[in-house]
Structures are given as structure tokens and as C-alpha cells.
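Listed here are the chains, written in short residue letters.
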Amino acid sequence: MILVTGALGQIGTELVLALQEKYGKDKIIASDLKEPGNYNGEFVKCDVTDLNSYDKINDENGIKIVYHLAAILSATGEKNPELCRKVNVNGLENVLKVAKKCNQRLFCPSSIAVFGPDVPRENTPQNVELNPETVYGITKVKGEELCDLYFNEHNIDVRGIRYPGLISWKHRPTGGTTDYAVEMYFDAIENGKYECFVSEDTRLPMMFMDDAIRATLELMDAPLDSLNYHSNYNLSSMSFSAKELADEISSHIDFECTYQPDYRQDIANTWPISINDEDARNDWKWEPKFDISKMTEEMITNLRRLNE
Ligand code: NAD
Ligand code: AKB
């Protein structure tokens, strides 16, 4: 059986569907702190910071693989550092302890937020000193370290990707810094305008969700001995400024974007502009399929359909 924590979030919403399709609906248990709403499949409410109940859920359901997505993202993390540390570090520790006890395989995502302002911001390499300035980034570095410790000392097969900002249409994200790129599409379709919370020249690494889900499944399927890294693969597909994205959307629809940077600008300023992912490409043959124009066509087609 496969458990997905944080399954009702931006990634979980799509990863659960992909896992259901790959392994069968009856093999996947989705879990989250939130109520499941109209989720279609087996669901269990679960707070990953509560070790006893998390342990019980795993025992009772014979869980052998966990996709651990429960987390607090960067913008919420800056506003609530204690909660961010509790969920991202203590919650992950619980997941790792249970993985050791039950001999599970794990997927635990990291983020481009692990990089701080001292690394090369363009084509940021896999192996650089990690000195993030955000609370979220610090918890993500700690997460990578904990995962590597469990891999090295307890033989837990734990894998992870440093996802860039993810863009998707099935779920409107909250709590992240890269959310502006998703909100821009949603508001363009719904209102024809968007007030962006970062400046027009803010340039960050981004990826379409279909690529991110495929990368996740491909990494989990890769032979262990082909992997030179475990919890922290750099992954890249595209990089654009907020204005370039607004222009791309405007080439399809009548759309006006204004810019009113807030505290999230300071977070974005410390992150890379683009990522070097040659290790992922070499080790497990990662290759993106979506660029900004193909992604924009998919986003607009699907959001239009949903808004009809
Ligand atoms: P999200 O915020 O959309 O979803 C996280 C889910 O976790 C939410 O549904 C929330 O209810 C749940 N949750 C929060 N606290 C919990 C707790 N104590 N117990 C159980 N569930 C809890 O996040 P996401 O975008 O789906 O991100 C998933 C993972 O991917 C995170 O580790 C995040 O750091 C990483 N990531 C995401 C992105 C992105 O752009 N979406 C980029 C880089 C890394
Ligand atoms: C966020 O903006 O917090 C996330 C991330 C890049 O980790 N989308």
C-alpha cells in the first residue's frame, strides 16, 4: 500500500491521480490535515506531527511506500516560523522513524529554497554550500540532511527532488512564493487582470506540474545503484520573469498585469534564477517536455474549460 501525506495540496492533488492510475485506486491512501471534500478514493485524516497516530495509520494499513508532501511553504513559513519548523522538520522526523520501523521506501521533496544568496544564481549547481535565509529554506536543508542520514545510517531508500516553482491548473496554491505564476493564469482567465506580488523583472525557475509528476515517478522507478544523490536532485525545465509570463499570457487573451511587490519579493530575491540539473539528466535520464509556450496553452485551455 502507498500513503500520500499532504495529499490535498498542489502536488498531492495531481500525484494521487497519477499513482491511482499507475498502481490502482485501491492501492493508494491519501491523507491530510484538511477534510477530504469530494476526494475520490481512500482517505485518512492525519497530522504528521503526531507520531502515535501517524505510526498507527501506517501499521493498520501495511504501508510500504510513502510520498511525504505534508509541509508549510515559504510565504506561510516566514509568517509562522514555529509551525514551519514543526511540520517540515518534526513531521519529517516522524515519517522517517516510521519508515525505519516499517522498512518503507520514501519520497520526500525538497525545493530550490535550499539555496541562499551566496550561490551562483544562474545555472545553480547541484553541489554548493547551502545557506538559505528563509525559515522555509532552512527547514528544507534540514530535511535533506535528515533524509541522507536515514539513507546512510539506516538503509532507508529515500528519494527527493529540489522542485522549482510548480505551475498547475487543478489546484490554486496558497502559502508559497512562486504562487504568483499560477495565480496569474487563474486571474487572467477569471478577471482579465492580476496584481502580481513580485516585480516584473523577478525571474525564477519554474516547471509545469505534468513534468514534475513524471519526474517524481521516474525518480522513484530508477534503479537505486544508478543514483548518485538521494534526497536532493536539482531539477529544471524553464525560467522566466514575471513580465515574460504576463506577455506570454497576453498573447492568448486580453490581460493586464500590474506589479505590487510585498514581503514575498525578499524571499524570491534570495532564490536561484535557473538550475543546473545535469545529475538528474545523467543518473535517471530526466528530460522536461514543457516550455513556457506549451505550458501556457495547456493552462489556458484547461482553465477556460473549468470556467465555462
Ligand atoms: P501545499 O501547501 O499545496 O500542500 C501541503 C499539504 O500539507 C496541504 O494540503 C496541508 O493541508 C498539508 N499539511 C500541512 N500541515 C500538515 C500536517 N501537520 N499534517 C498533515 N498534513 C499537513 O504544498 P505542495 O505545493 O503540494 O508541496 C508539497 C511538497 O513539495 C512540500 O514539501 C513542498 O516544500 C515541496 N515543494 C513544492 C513546490 C511547489 O511549487 N508546489 C516547490 C518546491 C517544493
Ligand atoms: C514556494 O514558493 O514556497 C514553493 C517552493 C519553490 O518551494 N513553491
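Look above for the structure.
Residues numbered from 1 in each chain as written. Chains lettered and ligands numbered in written order. Predicted model: local features only at pLDDT ≥ 70, side-chain atom pairs only at ≥ 80, totals over all residues. Heavy atoms only, no water.

Student: Describe the site of ligand 2, listing the residues and the values that go with them.
Tutor: Near ligand 2 the following residues occur: Leu73, Ser74, Ser111, Ile112, Tyr136, Gly176, Thr177, Thr178 and Trp271. The side chain of Ser74 places a nitrogen or oxygen atom 2.5 Å from an oxygen atom of ligand 2. A distance of 2.8 Å separates a nitrogen atom of ligand 2 from a polar side-chain atom of Thr178. In terms of residue class, the shell around ligand 2 is made up of four nonpolar, five polar and no charged. Two domains each provide a minimum of three residues to the shell around ligand 2, namely domain 1 (2-164 + 209-234) and domain 2 (165-207 + 238-274 + 291-306). (Near = heavy atom within 4 Å. Polar contact = N/O pair within 3.5 Å; in protein donor to acceptor, adjacent residues only side chain to side chain. Nonpolar A, V, L, I, M, F, W, Y, C, P; charged D, E, K, R; others polar. Domains from an automatic or database assignment.)

Student: Summarise the pattern of salt bridges; cite the residues concerned and give the values.
Tutor: Enumeration according to the criterion identifies 18 salt bridges in this entry. Of the charged contacts in the structure, one is a salt bridge between Asp55 and Lys101, with a shortest N-O distance of 2.8 Å. Here the residue Asp55 occupies a position in helix α2 (residues 51-61), and Lys101 occupies one in helix α4 (residues 81-102), the gap between them amounting to 46 residues. Two residues, Asp262 and Arg264, come together in a salt bridge whose shortest N-O distance is 2.6 Å. Given a relative accessible area of 17%, Arg264 falls into the buried group. Salt bridges sharing partners connect three or more residues here, namely Asp55, Asp59 and Lys101. (Salt bridge = Lys/Arg side-chain N within 4 Å of Asp/Glu carboxyl O. Helix = DSSP H or I, 4+ residues; strand = E, 2+ residues; numbered from the N terminus. Buried < 20%, exposed > 50% of the residue type's maximum accessible area, 1.4 Å probe, protein only.)

Student: Hey, could you go over the packing of aromatic side chains for me, with residue numbers and the actual values?
Tutor: Counting across every chain of the model gives eight aromatic pairs. On the numbers, 6.2 Å between centres and 55° between planes, the contact of Phe107 with Tyr163 is tilted. Linking Phe107 in strand β5 (residues 105-107) with Tyr163 in strand β8 (residues 161-163), this pair joins segments that are 56 residues apart in sequence. We classify Tyr163 as buried; its relative accessible area is 6%. Ring centres of Tyr180 and Phe197 lie 5.8 Å apart, and the angle between their planes is 90°; on these two criteria the pair is classed as edge-to-face. Taken together, the residues span a long stretch of sequence, with Tyr180 in helix α6 (residues 179-191) and Phe197 in the loop between β10 (193-196) and β11 (203-208) at a distance of 17 residues. Per residue, the accessibility class of Tyr180 equals that of Phe197, and both read buried. Three or more aromatic residues link up through ring pairs in this structure, and these residues are Tyr229, Tyr233, Trp284 and Trp286. Here Lys79 stacks its cationic end above the ring of Tyr263, 4.0 Å away from the centre of that ring. (Phe/Tyr/Trp six-rings, centres within 6.5 Å; stacked < 30°, edge-to-face > 60°. Lys NZ or Arg CZ within 6 Å of the ring centre and 35° of its normal.)

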